[in-house]
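# Observations on chain architecture
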Amino acid sequence: MARLGLLALLCTLAALSASLLAAELKSKSCSEVRRLYVSKGFNKNDAPLYEINGDHLKICPQDYTCCSQEMEEKYSLQSKDDFKTVVSEQCNHLQAIFASRYKKFDEFFKELLENAEKSLNDMFVKTYGHLYMQNSELFKDLFVELKRYYVAGNVNLEEMLNDFWARLLERMFRLVNSQYHFTDEYLECVSKYTEQLKPFGDVPRKLKLQVTRAFVAARTFAQGLAVARDVVSKVSVVNPTSHCTHALLKMIYCSHCRGLVTVKPCYNYCSNIMRGCLANQGDLDFEWNNFIDAMLMVAERLEGPFNIESVMDPIDVKISDAIMNMQDNSVQVSQKVFQGCGPPKPLPAGRISRSISESAFSARFRPYHPEQRPTTAAGTSLDRLVTDVKEKLKQAKKFWSSLPSTVCNDERMAAGNENEDDCWNGKGKSRYLFAVTGNGLANQGNNPEVQVDTSKPDILILRQIMALRVMTSKMKNAYNGNDVDFFDISDESSGEGSGSGCEYQQCPSEFEYNATDHSGKSANEKADSAGGAHAEAKPYLLAALCILFLAVQGEWR
């Protein structure tokens, strides 16, 4: 009996042990980890069926694990790709907004010029007939130069317009004094009296002011959209450092190695890693925000006194008004010119009558009715374009400082803020206890998750900071009605460029930088004002800026 009792006890213990062993084996199964690993296109032979000793792991916790060495290596590459994909998606969306708005503005401005030229040509043919046809190249040249300025920016608008009015005065002076013969030297003398005599009334002065301000604002605004597009495009290509890559692996896939395939990284944990990996991008924020503010200022000008649509749409009427002023004042103008330049030589009697009959200038301007005049270009209006862009600009402000949070808000990257206790904190499923660091390179010295060398700013980012800084200065000039000079950097030029069309082979893809800070602050001062930047990072950034500036200047020479 005793033996039977002992046997029964042994059987019970054996059964219990088998049950416990089965439960233990079941809990250590890696089937779900293996399934997800294979779903990413990886070799299933890399993944163990059950947990193994993790001494071989370099980054993930070295406990019992579902990850082989091959899995950790492939997960490292995958985490890097995942990060680049999410950042690119955010940046590409912003880049596409600026690219599409630039394209629409560019199309609108060019079509507006085409419409204005066609309207003037049609009106002057009907009004002045053969006389206009004989002198049409003068007006054609005017629009060629206006288009050249918009595309290439290498035209002095004031000088070009002064030249237009001087040439028009020469032509008209001959027409209203067709009984005389004028040499080229005499006509040059006539041109010198343009400013003094004001033969066209006040039209040239007003039109020069309106055209210069409107074209400067329009071109600068369009180029600003192109610069924003190009900056975002270049900065969106992120190349994580080895320290960043290790942190990304630990955040995204090391939880899988522990079998926690459904547990997402803690939001604050993700935030620290993103601020470390995107530290250089964070330094763009200060100049980016200044740039956006300057764009909004110019947008206000485009809606108001510098509205290129309100200048170009009636330009034919204004020029014809000037011509009528010359007709009305022709006797007084001629007398003063004859006094200053000397009496002209009369034509022979036979040629006088023929000349008068051929060039009689008695046409009076008859304006079109409003419904006959083109009122839009590219199927829209400047007001609608500006209203749309202003909204997008406001949304783009603080893009770079908010990028880490935006990435972590992606459900593929982290758990929501409300799930702070049941999330992956880099070691296990628990609350993340570290504070979130600030944005920008100088604030990463105390980042608990990513080791960042705060003494080495990214050269690409520094270039974009300077590009934004220079463009902001030009925006402020345009806002004040001052002309803006753009310079091509041949070694940076690309096929499409930041200009458009490239009809004149003068399409700059980037603009000349200089190290002058027009805002009076550096990117590091921005970081300091944003909160607690490390003072020791400033000399390194300043030195890097100086070295970069000297190197680039050497290339320009």
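An unreviewed UniProt entry annotates the protein chain as Glypican-4 isoform X1 originating from Mus caroli. Under the UniProt heading Subcellular location (unreviewed entry), the entry covering the protein chain gives this text: "Cell membrane". Of the comments in the UniProt record for the protein chain, the one headed Function (unreviewed entry) reads "Cell surface proteoglycan."

Turning next to the overall build of the protein chain. Within the protein chain, the regular secondary structure consists of 23 helices and two strands. For the protein chain, with 557 residues in total, the buried portion stands at 48%. A separation threshold of at least 6 residues defines the contact pool for the protein chain, and within that pool the share at least 24 residues apart is 80%. As displayed, the protein chain offers around 26900 Å² of accessible surface, 51% of which is attributable to carbon and sulfur atoms.

A few words on the state of the cysteines. Throughout the structure, instances matching the rule amount to seven disulfides. Here C30 connects covalently by a disulfide to C66, the sulfurs 2.0 Å from one another. Taking the torsion about the sulfur-sulfur bond, which here is approximately -80 degrees, the covalent link between C30 and C66 counts as left-handed. Placement of the pair is C30 in the loop between helix 1 (2–27) and helix 2 (31–39) and C66 in the loop between helix 2 and helix 3 (69–128), with a sequence separation of 36 residues. In this structure, C30 and C66 share a single accessibility class: buried. Shown here is the disulfide that connects C60 with C254, its sulfur atoms set 1.9 Å apart. Linking C60 and C254, the disulfide has an S-S dihedral of approximately -85 degrees and is accordingly described as left-handed. A residue pair is termed long-range when its members are at least 10 positions apart, and C60 in the loop between helix 2 and helix 3 and C254 in helix 11 (residues 254–257) qualify at 194 residues. The class of C60 is buried, set by a relative accessible area of 3%.

With respect to the helices and strands, the residue L131 is situated in helix 4 (residues 130–134). Spatially, the C-alpha atoms of L131 and L175 are 9.1 Å apart, while their sequence positions differ by 44 residues.

This part is about helix 16 (residues 315–328). In this model helix 16 runs 20 Å from its N-terminal to its C-terminal C-alpha over 14 residues, within 8% of the 20 Å that 1.5 Å per residue would give. In terms of residue burial, helix 16 counts as a mostly covered element, since ten of its 14 residues are buried. Listed as buried for helix 16 are I315, D316, K318, I319, S320, A322, I323, M324, M326 and Q327. Elements in contact with the buried residues of helix 16: helix 3, helix 5 (136–152), helix 6 (157–176), helix 9 (203–235), helix 15 (308–312) and helix 17 (330–341).

The next point concerns the pattern of salt bridges. Under the counting rule described, the total for this entry stands at 20 salt bridges. Among the salt bridges present, the one from K118 reaches D122, with a minimum N-O distance of 3.0 Å. Separated by four residues within a single helix, K118 and D122 lie in helix 3, roughly one turn from each other. According to the relative accessible area criterion, K118 is exposed, its value standing at 53%. In this structure, the salt-bridge partner of E420 is R431, at a minimum N-O distance of 2.9 Å. Of this pair, E420 sits in the loop between helix 20 (399–408) and helix 21 (459–479) while R431 sits in the loop between helix 20 and helix 21; the two residues are eleven residues apart in sequence, bridging distant segments of the chain. Taken together, the shared-partner salt bridges connect E89, D410 and R412 into one network.

Conventions we followed
- Residues numbered from 1 in each chain as written.
- Predicted model: local features only at pLDDT ≥ 70, side-chain atom pairs only at ≥ 80, totals over all residues.
- Heavy atoms only, no water.
- UniProt positions renumbered as here; feature names shortened; annotations may be inferred.
- Helix = DSSP H or I, 4+ residues; strand = E, 2+ residues; numbered from the N terminus.
- Buried < 20%, exposed > 50% of the residue type's maximum accessible area, 1.4 Å probe, protein only.
- Contact = heavy atoms within 4.5 Å.
- Areas by Shrake-Rupley, 256 points an atom, 1.4 Å probe, with all protein chains shown as cover.
- Disulfide = S-S within 2.5 Å.
- Expected span 1.5 Å × (residues − 1).
- Salt bridge = Lys/Arg side-chain N within 4 Å of Asp/Glu carboxyl O.

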